[in-house]
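What the coordinates show
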Amino acid sequence: METKAQTKQNVKQQGSALQNEIVINRVFDLPISKVWQAWTEADQFKKWWGPKDFTCPSSKMEARVGGKYLNCMRGPDGKEYWSTGVVKELIPERKLVVTDSFSDEKGNIKSASEYGMPGDWPKELLITVYFEEADGATKVKLRHHGVSDEMREDCIKGWNESLDKLEKNIK
């Protein structure tokens, strides 16, 4: 994926995938406090989570080390995809590390294949997000470890579409 224009008005996006890891770098023309809230407050998270044409009808978050989350993405066809995890590390407005697993609506872990996802997925993935203030804008580096080879490009696309919605819907 090529890097687009890197001005404050245009979102910088880049995606790469090496050894079951996706790395995406973005710059948001938003203060770091707003971007942090978008990731850690359920009412803000619901505004952007999910690729284009997906919604997030349910989000529960405990933004503290050891806290849990349970989120739902609903596709345009009405199918729901639930995910859950635990906060492993949290440094406000600097770093967020969470486990990530497919689940049901009660937070019971499911295999990726139960959602029709091809490839070899671990039961638990790891998402690390770094936040950095940059002249009133916010740089975000996202690392998602454990994505199957078969789904890498789709996951990069999905993350970028979700992050596009963050830029558009968080004010």
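Since we're looking at a predicted model, the values are computed, not measured.

**Comments concerning the confidence of the model for the chain**
Averaged over every residue, the pLDDT of the chain is 90; residues scoring 70 or more account for 89%. For the stretch residues 1-18, pLDDT sits under 50, and the model shows 40 contacts to residues farther than four places along the chain or on other chains.

**With respect to the pattern of salt bridges**
All told, the structure shown has 7 salt bridges when counted by the stated rule. Of the charged contacts, one joins Lys157 and Glu161 as a salt bridge, the two residues approaching to 4.0 Å between their closest N and O atoms. Here Lys157 and its partner Glu161 are both found in helix H3 (residues 152-169), 4 residues apart, which amounts to about one turn of the helix. On the basis of relative accessible area, Glu161 is assigned to the buried category, the value being 19%.

**Focus: the nonpolar core**
Judged by nonpolar contacts, the single largest core of 42 residues is most densely connected at Trp39, Trp48, Leu96, Met117, Trp121, Phe131 and Leu166. Secondary structure elements with two or more residues in this core: strand S2 (21-28), helix H1 (32-40), strand S4 (68-74), strand S5 (80-91), strand S6 (95-103), strand S7 (125-134), strand S8 (137-145) and H3. Setting aside residues up to four positions removed in sequence, Leu96 forms contacts with Trp36, Trp39, Thr40, Val87, Glu89, Leu90, Ile127, Thr128, Val129 and Phe131.

**Details of the environment of Gln44**
Topologically, Gln44 is positioned in helix H2 (residues 42-45). Here the alpha-carbon distance between Gln44 and Lys171, two residues 127 residues apart in the chain, equals 9.9 Å. Look past the residues within four positions of Gln44 in its chain and what remains in contact with it is Gln37, Ala38 and Ile170.

**Overview of H3**
Its 18 residues place the ends of H3 25 Å apart at the C-alpha level, agreeing with the 26 Å of an ideal helix rising 1.5 Å per residue. Residues of H3 that are buried: Arg152, Cys155, Ile156, Gly158, Trp159, Asn160, Glu161, Ser162, Leu163, Lys165, Leu166 and Glu167.

About the criteria used
Residues numbered from 1 in each chain as written. Predicted model: local features only at pLDDT ≥ 70, side-chain atom pairs only at ≥ 80, totals over all residues. Heavy atoms only, no water. pLDDT = per-residue confidence, 0-100. Contact = heavy atoms within 4.5 Å. Salt bridge = Lys/Arg side-chain N within 4 Å of Asp/Glu carboxyl O. Helix = DSSP H or I, 4+ residues; strand = E, 2+ residues; numbered from the N terminus. Buried < 20%, exposed > 50% of the residue type's maximum accessible area, 1.4 Å probe, protein only. Core = buried A, V, L, I, M, F, W, Y, C linked by side-chain atoms within 4.5 Å. Expected span 1.5 Å × (residues − 1).

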